[in-house]
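# Structural overview
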Amino acid sequence: MTRLLFLGTGWSHGVPMLGCDCPVCRDADPRNQRLRASILLSDDTHSILIDVGPDFRQQALRAKIRELDAVFVTHQHSDHTMGLDDLRCFTWARESPLPVWADSDTRERLCVVYPYVCTSRSPGQAVPLVEFKSWTQPVSLGNMRFSSFPVPHGDLPCYGVRIDTPGGRIGYVPDCSDLSPQALNHLEGLDIMILNALRDTPHPAHLTFDRSREYLEAIGAKRSFFTHMGCALDYHHLQPTLPEGLELAWDGLEVEL
Ligand SMILES: [Zn+2]
Ligand SMILES: [Zn+2]
Ligand SMILES: [Zn+2]
């Protein structure tokens, strides 16, 4: 059995957003409170993180994560990478570095942001012992296989993820402004599809809620989830309008497959 856990389902600001007094930002319901976007895949032998944003410490505490076997990074934006230093606790006990898979631009950027990670000769408690690895081919870890494919997202390289497991197939695209026919090819035959939906008004680097819904319905997974949502998207307002199988994800939601 594979477990998919939503660690964070928010846009880059998180929800509530600093300085915002809108009804969603003031809502105490956890389904309207969103840390930065990240998911955890785990089975009996492996625990794999996708994106390590600035809320990673809080997310790891909440989810009681005790060890990680690998991290995959979709792109270099801060809301997907600024928790890298907090991987230290998960690398102390390892004999080999914790692999962090990413494309070349993201790896270069991470070495600029975290020079001590890339140059330290004696990683210890002060430096996470990680090894940046090139993610251009599918990576198999135990029974899970992680494939990446490019998606447009502003002017930066950015990737969607397909995860094949014995229990089912998952698509995860936390940031994009569109999906090409090639990207849609990677998202065929899915049991679960997770796609970003920023807000209801257009943004040059993101999908609107309506456009995301069109893509989710076209992809046709058994269960489809919105993620990377801003505070314009109210769970209580939107969820009752959706058909069965189409859901706004929320932090802490776990799906078994
Ligand atoms: Zn993002
Ligand atoms: Zn707000
Ligand atoms: Zn981004």
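Placed above this text is the structure.
Summarised in this report is the structure supplied together with it. (Residues numbered from 1 in each chain as written. Chains lettered and ligands numbered in written order. Predicted model: local features only at pLDDT ≥ 70, side-chain atom pairs only at ≥ 80, totals over all residues. Heavy atoms only, no water.)

### Describing the overall build of the protein
- Helices and strands together make up the secondary structure of the protein, namely 7 helices and 14 strands.
- Here the C-alpha radius of gyration of the protein, 17 Å, is about what a compact globule of 257 residues would show, namely 18 Å.
- For the protein, the spread of C-alpha atoms along the three principal axes comes to 55 × 40 × 35 Å.
- Split into buried and exposed, the 257 residues of the protein put 55% on the buried side.
- Sequence-distant contacts in the protein: of pairs separated by 6 or more residues, those separated by 24 or more amount to 65%.
- Accessible surface, the protein: about 11,500 Å² in total, of which carbon and sulfur atoms supply 48%.
- Each charge sign in the protein was given a centre, from 23 positive and 33 negative side chains, and these centres are 3 Å apart. (Helix = DSSP H or I, 4+ residues; strand = E, 2+ residues; numbered from the N terminus. Rg over C-alpha atoms; globule rule 2.2 N^0.38 Å. Buried < 20%, exposed > 50% of the residue type's maximum accessible area, 1.4 Å probe, protein only. Contact = heavy atoms within 4.5 Å. Areas by Shrake-Rupley, 256 points an atom, 1.4 Å probe, with all protein chains shown as cover. Lys, Arg positive; Asp, Glu negative; His and termini not counted. Charge placed at Lys NZ, Arg CZ, Asp CG, Glu CD.)

### A word on helix α3 (residues 104-113)
- Along α3, the residues classified as buried are Thr106, Arg107 and Leu110. The arc that holds every buried residue of α3, seen down its axis, measures 100 degrees, which confines them to one face. Opposite its buried face, α3 presents the exposed residues Glu108 and Val112, each directed more than 90 degrees away.
- Close packing links the buried residues of α3 with α2 (78-81), β5 (98-102) and β6 (130-134).
- Its side-chain oxygen at 3.1 Å from the backbone nitrogen of Asp105, Asp103 defines the N-terminal cap of α3. (Arc of directions from axis to C-beta. Polar contact = N/O pair within 3.5 Å; in protein donor to acceptor, adjacent residues only side chain to side chain.)

### Some thoughts on the environment of Leu87
- With respect to the helices, strands and loops of the structure, Leu87 is situated in the loop between α2 and β5.
- Here Leu87 falls in the buried class, since its relative accessible area comes to 0%.
- For Leu87, the residues in contact, after removing those within four places along its chain, are Val52, Phe56, Leu68, Val71, Leu98, Val100, Pro128 and Val130.

### Here's the deal with the state of the cysteines
- Counted by the stated rule, this structure contains 1 disulfide.
- A sulfur-sulfur separation of 2.0 Å characterises the disulfide bridge that pairs Cys111 with Cys118. The S-S bond linking Cys111 to Cys118 shows a torsion near -85 degrees; that makes this disulfide left-handed.
- Residue class for Cys111 comes out partly exposed when judged on its relative accessible area of 29%. (Disulfide = S-S within 2.5 Å.)

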